[in-house]
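# Reading the structure
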Amino acid sequence: MEFSKFLNSSIKLNIILIISFSITVNSFILFPNINNAFYALFHLTFIYLIFYHYHFYLYVAAFIYGILFDIILFNNIGVHLISFLSLLILYILLRKFLIRLSSYQIISFYFITLLILFLFEHFLASLINNFKFNLYSLLNFFLISLIIFVPTIFLFTKLDK
C-alpha cells in the first residue's frame, strides 16, 4: 500500500505547517528570503486549513504556533497568538458569507486575508513589541506571497484530491 493512502489532506497540510514553521524560525543568513518565503507559506497553509479544513483542533494549533512564533521571533508573547486566534474567530463570523462565494472570489478573499494578516501582524508588532514598522519588509512579504500564491494553491488542490 502507498504511504499517502494513510494520510488525509488535513494531515498533509499540517506536515507542511510543521516544515514551513521549522524553516521559518531557522535563520539562513545568506538567503533571508528563504525564511520569508516559508513564513508566507506557513500563513498560506494556515489560512487554507481554516477555510477548507476547519476543525476545533486549529485553535490548539493556532495557540501553539502563535506562542512559538512569538517566543522565537520576538521573545515576547502576543503578536502571532492574537493574529492567529483573531483569524479563526473572524472565519467563524464570516462562514455563512464565505459559503456563498464562487471559487474565484474565495481565492481572492484568501489572498486578501493573507495580506491583511501580514499588515495586522506588523501593526501589532509595532504596538506590543515596539517593532519598527518597516514598509520594505512588508513589500517583501507581499512580493514573495504574490510569487508563491498560485503554485501553493495548485499544490493544495492536488493534496485535497
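Relevant structure appears above.
Rules used in this analysis
Every residue gets a number counted from 1 within its own chain, in the order that chain's sequence is written. Local features are withheld for residues below a pLDDT of 70 in this predicted model, meaning they are given only at 70 or higher, and side-chain atom pairs are given and counted only at 80 or more; totals for whole chains, interfaces and linings count all residues. Side-chain numbers come from the whole structure's heavy atoms, not from hydrogens or water. Angles shown run from 0 to 180 degrees and are taken between the N-to-C directions of axes, each axis being a line fitted to C-alpha atoms and, for helices, limited to the stretch in contact. Starting at the N terminus, helices and strands are each numbered in turn, a helix being any DSSP run of H or I of at least four residues and a strand any DSSP run of E of at least two. If an angle is under 35 degrees, it is roughly parallel; if it is over 145, roughly antiparallel; if it lies from 65 to 115, roughly perpendicular; otherwise it is oblique. Each helix crossing is assigned a hand: it is left-handed if the near helix lies turned anticlockwise from the far helix by less than a right angle, otherwise right-handed if that turn is clockwise. Two residues form a contact once any of their heavy atoms are found within 4.5 Å. In this count, Pro and Cys sit with the nonpolar residues alongside Ala, Val, Leu, Ile, Met, Phe, Trp and Tyr, while Asp, Glu, Lys and Arg are called charged and the others, Gly among them, polar. Here a cavity means grid points, on a 1 Å grid over the protein atoms only, where a 1.4 Å probe fits yet cannot get out; a pocket means an open set of points with protein on both sides within 12 Å along at least five of seven lines; lining residues are those with an atom within 4 Å of a point. Grid points are joined across faces, edges and corners, and a volume is the space filled by probe spheres set on the points.

## Some remarks on the packing of helix 2 (residues 32-52) against helix 6 (residues 135-160)
- Relative orientation of the contacting elements helix 2 and helix 6 amounts to 50°, with a least axis distance of 9 Å. The angle between helix 2 and helix 6 falls in the class oblique. The two elements helix 2 and helix 6 cross, and the hand of that crossing is right-handed. Here Asn33, Asn36, Ala37, Tyr39, Ala40, Leu41, Leu44, Thr45 and Tyr48 of helix 2 lie close against helix 6, whose contacting residues are Asn140, Phe141, Ile144, Ser145, Ile148, Phe149, Thr152, Phe156, Thr157 and Asp160.
- Class assignment of the residues belonging to the contact of helix 2 with helix 6 gives a composition of eleven nonpolar, seven polar and one charged.

## Thoughts on the environment of Leu88
- Note that Leu88 resides in helix 4 (residues 79-99).
- Note: C-alpha distance between Leu88 and Tyr57 (31 residues apart in sequence) is 11 Å.
- Once residues within four sequence positions are removed from consideration, Leu88 is found in contact with Phe46, Ile50, Tyr54, Leu58, Tyr59 and Ala62.

## Comments concerning empty space enclosed by the protein
- Per the counting criterion, the structure on display carries one cavity of 30 Å³ or more.
- Each pocket or cavity is described by its volume, and for the largest cavity that value is around 40 Å³.
- Lining the largest cavity are Phe51, Leu87, Leu90, Tyr91, Leu94, Leu98, Phe109 and Thr113.
- Sorting the residues of the lining of the largest cavity by element identifies helix 4 and helix 5 (103-128) as the ones contributing at least two each.
- It is helix 4 that contributes the most residues to the lining of the largest cavity, five residues altogether.

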